[in-house]
Structures are given as structure tokens and as C-alpha cells.
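This is what each chain is made of:
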Amino acid sequence: MRARVFAALSELGRPVSAYQVAEALSAREARTVPANSIYRILDLFVAANLAIRVESANAYVVNAHPACRHDCLFLICDGCGAVTHLDEDGVGRSFRQAAGAAGFVPSRSVLEMRGRCDACASAAP
């Protein structure tokens, strides 16, 4: 089941919810796949750094760099919903240093920016 969930997540090619993964698998397998099973598997993928959770969208995307352990930044388009993943260690490092200076011990950071992608910004009147 884990392999099928990972394949579906990969094939969908964009951040998707557990319900969207369940729907894709249910259609493919001609049987109902419960979303709660998908959530558990996605949580395992996040813990193993195989997937990343886009918090504000309550969605998951395959981690293109699972061997790397760094903070990921997401640019989320309010127009089309596209999510761009950036590897920018400087921003994450600054954020963690600021947290440490405030006496806070971070376990993970979620850095997301909402706005419009180039295509949507160009299409806007």
C-alpha cells in the first residue's frame, strides 16, 4: 500500500490532500481506499523525509531531495494553486537563529509565501 500511495503522490505531480490521493487510488483499484489510511502513510513519508507537507494547503508533495535535511520554502500561487519548492538554506538558518535567540528550540519550520506565480501575474488585468 505504501508503494501505491507513493506512486499516486508522484504521478499527481502537485501538492495534494490525502483525500485526493485516496480518490486517485480508489479509481485506479476500483475499490474504496479510506483517507485515514492515506494520512497515516503520508505521515510516515514526512517522517522519513520522502514527502513534505505544505501546511497552509493541507497538502503533500514528494520531496525531490529526500537525502537533504534542510528547511524548505514554498511559494504558493493564489491564482492557479501551483506550489514552487525552493531550497534556500539562508532564510531557514536566519529563522532558526532568531528562534534560538528568543530561547526557542525549533523542531521544524514551515516557511510559506502566498502570492501569484509569473503566469498568473502576467494574466491579471
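Right above here is the structure, for reference.
Okay, so let's go over this structure.

What counts, and where the lines are drawn
Residues numbered from 1 in each chain as written. Predicted model: local features only at pLDDT ≥ 70, side-chain atom pairs only at ≥ 80, totals over all residues. Heavy atoms only, no water. Pairing = 2+ DSSP bridges. Helix = DSSP H or I, 4+ residues; strand = E, 2+ residues; numbered from the N terminus. Axes fitted to C-alpha atoms, helices over the stretch in contact; angles between N-to-C directions. Phe/Tyr/Trp six-rings, centres within 6.5 Å; stacked < 30°, edge-to-face > 60°. Contact = heavy atoms within 4.5 Å. Salt bridge = Lys/Arg side-chain N within 4 Å of Asp/Glu carboxyl O. Left-handed = near helix turned anticlockwise from the far one by under 90°. Nonpolar A, V, L, I, M, F, W, Y, C, P; charged D, E, K, R; others polar.

**Looking at the sheet that holds strand β4 (residues 83–87)**
Then, in step 1: Ordered in space as β4-β3-β5, the 3 strands form an open sheet in which the pairing is mixed. The sheet terminates laterally at β4 and β5 (111–115), the two strands that pair on one side only. With strand direction ignored, the average angle separating the axes of adjacent strands in the sheet is 20 degrees.
Then, in step 2: Note that strand β3 (residues 72–77) and β4 share 5 bridges and pair antiparallel. In the sheet register, F74 faces β4, and the bridge partner there is H85.

**Looking at the pairing of strand β2 (residues 59–62)**
Then, in step 1: Bridging between strand β1 (residues 51–54) and β2 involves 4 bridges; their strand directions are antiparallel. Bridge pairing links R53 to Y60 in β2.
Then, in step 2: Hairpin geometry of β1 and β2 is characterised by an intervening segment of 4 residues between the two adjacent antiparallel strands and by a positive phi of about 45 degrees at N58.

**Points about the packing of aromatic side chains**
Then, in step 1: Within this structure, the stated rule accounts for 2 aromatic pairs.
Then, in step 2: Relative to F45, the ring of F6 lies with its centre 5.5 Å away and its plane at 90 degrees, an arrangement referred to as edge-to-face. Of the two residues, F6 is situated in helix α1 (residues 2–12) and F45 in helix α3 (residues 35–47); the sequence distance between them amounts to 39 residues.
Then, in step 3: Ring geometry for Y19 versus Y39: centroids 6.0 Å apart, planes at 85 degrees, classification edge-to-face.

**A look at the side chain of S17**
Then, in step 1: Inspection of the secondary structure puts S17 in the loop between α1 and α2 (18–29).
Then, in step 2: Residues within four places of S17 in sequence aside, it is in contact with N58 and A59.

**Quick word on the environment of A35**
Then, in step 1: If you trace the backbone, A35 turns up in helix α3.
Then, in step 2: In this structure the C-alpha to C-alpha distance between A35 and M1, which are 34 residues apart in sequence, comes to 13 Å.
Then, in step 3: If sequence neighbours within four positions are ignored, A35 has contacts with A18, Y19 and A22.

**Observations concerning the pattern of salt bridges**
A pair can form between side chains of opposite charge whenever their charged atoms are brought close.
Then, in step 1: Enumeration over the complete set of coordinates arrives at 5 salt bridges.
Then, in step 2: Ionic pairing is found between R31 and E29, a salt bridge with its closest N-O pair at 3.1 Å.
Then, in step 3: As a salt-bridge pair, D78 and R114 come within 2.8 Å of each other at their nearest N and O atoms. Of the two residues, D78 is situated in the loop between β3 and β4 and R114 in strand β5; the sequence distance between them amounts to 36 residues.
Then, in step 4: Each of the salt bridges in this network shares a partner with another, and the network as a whole consists of R4, E29 and R31.

**Looking at the packing of α2 against α3**
Then, in step 1: Two numbers describe how α2 lies on α3: the axes approach to 8 Å, and their chain directions differ by 115 degrees. For the crossing formed where α2 meets α3, the hand is right-handed. When α2 is examined against α3, the residues A18, Y19, V21, A22 and L25 are found in contact with a partner set consisting of A35, I38, Y39 and L42.
Then, in step 2: Grouping the constituent residues of the contact of α2 with α3 by class yields 9 nonpolar, no polar and no charged.

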